[in-house]
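Chain and residue survey
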Amino acid sequence: MSKTIFITGASSGIGEACAEIFAAAGYQLILCARRQDRLETLRRKLEKQHGIAVLNLALDVREGDAVRKAIGKLPFHWKRIDVLVNNAGLALGFAPIDEGNPADWDRMIDTNVKGLLIVSQAVIPLMKKAGGGHIINIGSIAGVEAYPKGNVYCATKHAVASLSKGMRMDLLPHGIKVSLVSPGATETEFSVVRFRGDAQKAKDVYRGYQPLTGADIAEAVFFVAGMPPHANINEMLTMPTAQASATVFHKGG
Ligand code: NDP
Ligand code: 8X3
C-alpha cells in the first residue's frame, strides 16, 4: 500500500517541491494551502505525471476550527498519514524591533507557530491510532541564530526548533518520529512575501551567490523521511555552499 504524506504550504516553494519529490516516489499526497487554484493545478499535474492520488485541502493553518473539521472529515483511506510536513510559514517585514508592525508579528506567530500546533494536534491522533508516523517541521537558520531586523521571524523559528524537541519527547511512546529540517537562504516566494511583492528587493536577497532551491530542501526532507523505522534524523541544517551563517555570505565568488 502506498504511503500518505500531508504537506502544508504546498502551493509554492519548498512545499510544492516536496509534493513533487514524494509524488515521484509514489506517495499519496494531502496538500494544504490557502490558494486553491494553485493546489488544483499541482494536483492535476502530479496525478497525470505519477499516477498517484492527491487530495487538496484549501485551508488557512491559523483557522483551528476549519483545520480540525477538514482533518476530522478525511475519507477513510486518507486517514493513515505516514508523514506530516509542517512547512506553511512566512516572514513579514524587515525592521528593527521598535519599528516593527504588530499586525505582522501576529501573522508570523499565528502561522509559523500556532498554525504548526493546530495542524499537528489534528494529525497526531490519526498517527497514534495507526501506531506511528513522522512529523517533519521546517525550521530555518533563523531558528538557530537571530539576525538584525529579523527579530520576530527568528523568534518564531526558534519556537519551531524548541517545539520540535518537545514534540519528540511527548510523542516518543507513540512511535511518532519528529524531525527538524532547517534551510538557509532558499529562493522561493519567501522574500517576495516578506517585502510585500517588491520583486526587486526580493531578487537582491539572492544576488551574487547561488541560493538553495525548493527542490534542494525537498531532497533533504525526502532523505529524512526515508530513514529506516529504528533511526531518526532529529535535526538537519542545510545551507547554500556560499552561506556560512545567517549573515555571512561569500558573494561574487
Ligand atoms: P513560499 O512563500 O514560497 O511558500 C510558503 C507556503 O506557505 C505557500 O505555499 C503558502 O501558501 C503557505 N502559507 C503561508 N501562510 C499560510 C497559511 N496561513 N495557511 C496555509 N498555508 C500558508 O516560501 P518557502 O517555500 O520558502 O517557505 C516554506 C517554509 O520554509 C516556511 O516555513 C519558511 O519560513 C521556511 N524557510 C524558508 C527559507 C527561505 O529562504 N525561503 C529558509 C528557511 C526556512 P498560500 O499562500 O497559498 O496559503
Ligand atoms: C528564511 C531564511 O535567513 O531569511 O528562514 O531567515 S532567512
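Described in the following lines is the structure provided in the data block. (Residues numbered from 1 in each chain as written. Chains lettered and ligands numbered in written order. Predicted model: local features only at pLDDT ≥ 70, side-chain atom pairs only at ≥ 80, totals over all residues. Heavy atoms only, no water.)

What about the site of ligand 2?
Around ligand 2, the neighbouring residues are Ser140, Ile141, Ala142, Tyr147, Tyr153, Phe190 and Arg194. Between Ser140 and ligand 2, the recorded distance is 2.5 Å, taken from a side-chain N or O atom to an oxygen atom. Residue Tyr147 places a side-chain N or O atom 2.6 Å away from an oxygen atom belonging to ligand 2. Contact with the protein chains removes 82% of the 240 Å² of surface that ligand 2 exposes when unbound. Residue classes in the shell around ligand 2 are distributed as 5 nonpolar, 1 polar and 1 charged. (Near = heavy atom within 4 Å. Polar contact = N/O pair within 3.5 Å; in protein donor to acceptor, adjacent residues only side chain to side chain. Areas by Shrake-Rupley, 256 points an atom, 1.4 Å probe, with all protein chains shown as cover. Nonpolar A, V, L, I, M, F, W, Y, C, P; charged D, E, K, R; others polar.)

A few points about the nonpolar core
In this structure, Phe22, Leu29, Leu31 and Val221 are the most contacted members of the largest nonpolar core, which totals 33 residues. Where this core is concerned, the elements lending two or more residues are strand E1 (4-8), helix H1 (13-24), strand E2 (28-33), helix H2 (36-50), strand E4 (83-86), strand E5 (133-138) and helix H8 (214-225). Of the residues forming this core, the biggest block, 7 residues, is contributed by H1. Excluding its chain neighbours within four sequence positions, the residues that come into contact with Val221 are Cys18, Phe22, Val85, Ile136, Ile138 and Val181. (Core = buried A, V, L, I, M, F, W, Y, C linked by side-chain atoms within 4.5 Å. Buried < 20%, exposed > 50% of the residue type's maximum accessible area, 1.4 Å probe, protein only. Helix = DSSP H or I, 4+ residues; strand = E, 2+ residues; numbered from the N terminus. Contact = heavy atoms within 4.5 Å.)

Thoughts on unusual backbone geometry
Backbone geometry at Lys149 places phi at a positive 70 degrees, although glycine is not the residue there. Accessibility expressed as a relative area gives 41% for Lys149, which makes it partly exposed.

Observations regarding helix H4 (residues 102-130)
An ideal rise of 1.5 Å per residue puts 42 Å on 29 residues; H4 measures up with 41 Å between its terminal C-alpha atoms. Along H4, the sharpest kink reaches roughly 40 degrees, centred on Lys114. Two to three positions downstream of the cap, the backbone nitrogen of Ala103 sits 2.9 Å from a side-chain oxygen, assigning the N-cap of H4 to Asn101. In the segment just after H4, Gly131 is the residue with positive phi, at about 85 degrees. (Expected span 1.5 Å × (residues − 1). Bend = angle between axes of the 7 residues up to and from the residue.)

Quick notes on the environment of Val83
Tracing the chain through its elements places Val83 in strand E4. For the pair Val83 and Thr4, spaced 79 residues apart in sequence, the C-alpha to C-alpha distance is 6.6 Å. With near-sequence residues (within four places) excluded, Val83 lies in contact with Thr4, Ile5, Phe6, Tyr27, Met127, His134 and Ile136.

A short note on the pattern of salt bridges
For the coordinates displayed, the defined rule picks out 13 salt bridges. A salt bridge links Arg68 to Asp65; its shortest N-O distance comes to 3.1 Å. Taken together, the positions of Arg68 and Asp65, both in helix H3 (residues 64-72) and 3 residues apart, correspond to about one turn of that helix. The class of Arg68 is partly exposed, set by a relative accessible area of 42%. The salt bridge involving Asp204 is made with Arg207; its shortest N-O contact spans 2.9 Å. Since its relative accessible area comes to 35%, Asp204 is described here as partly exposed. Among the residues examined, Arg207 registers a relative accessible area of 45% and is labelled partly exposed. Beyond isolated ion pairs, a larger network of salt bridges with shared partners links Glu40, Arg43, Arg44 and Glu47. (Salt bridge = Lys/Arg side-chain N within 4 Å of Asp/Glu carboxyl O.)

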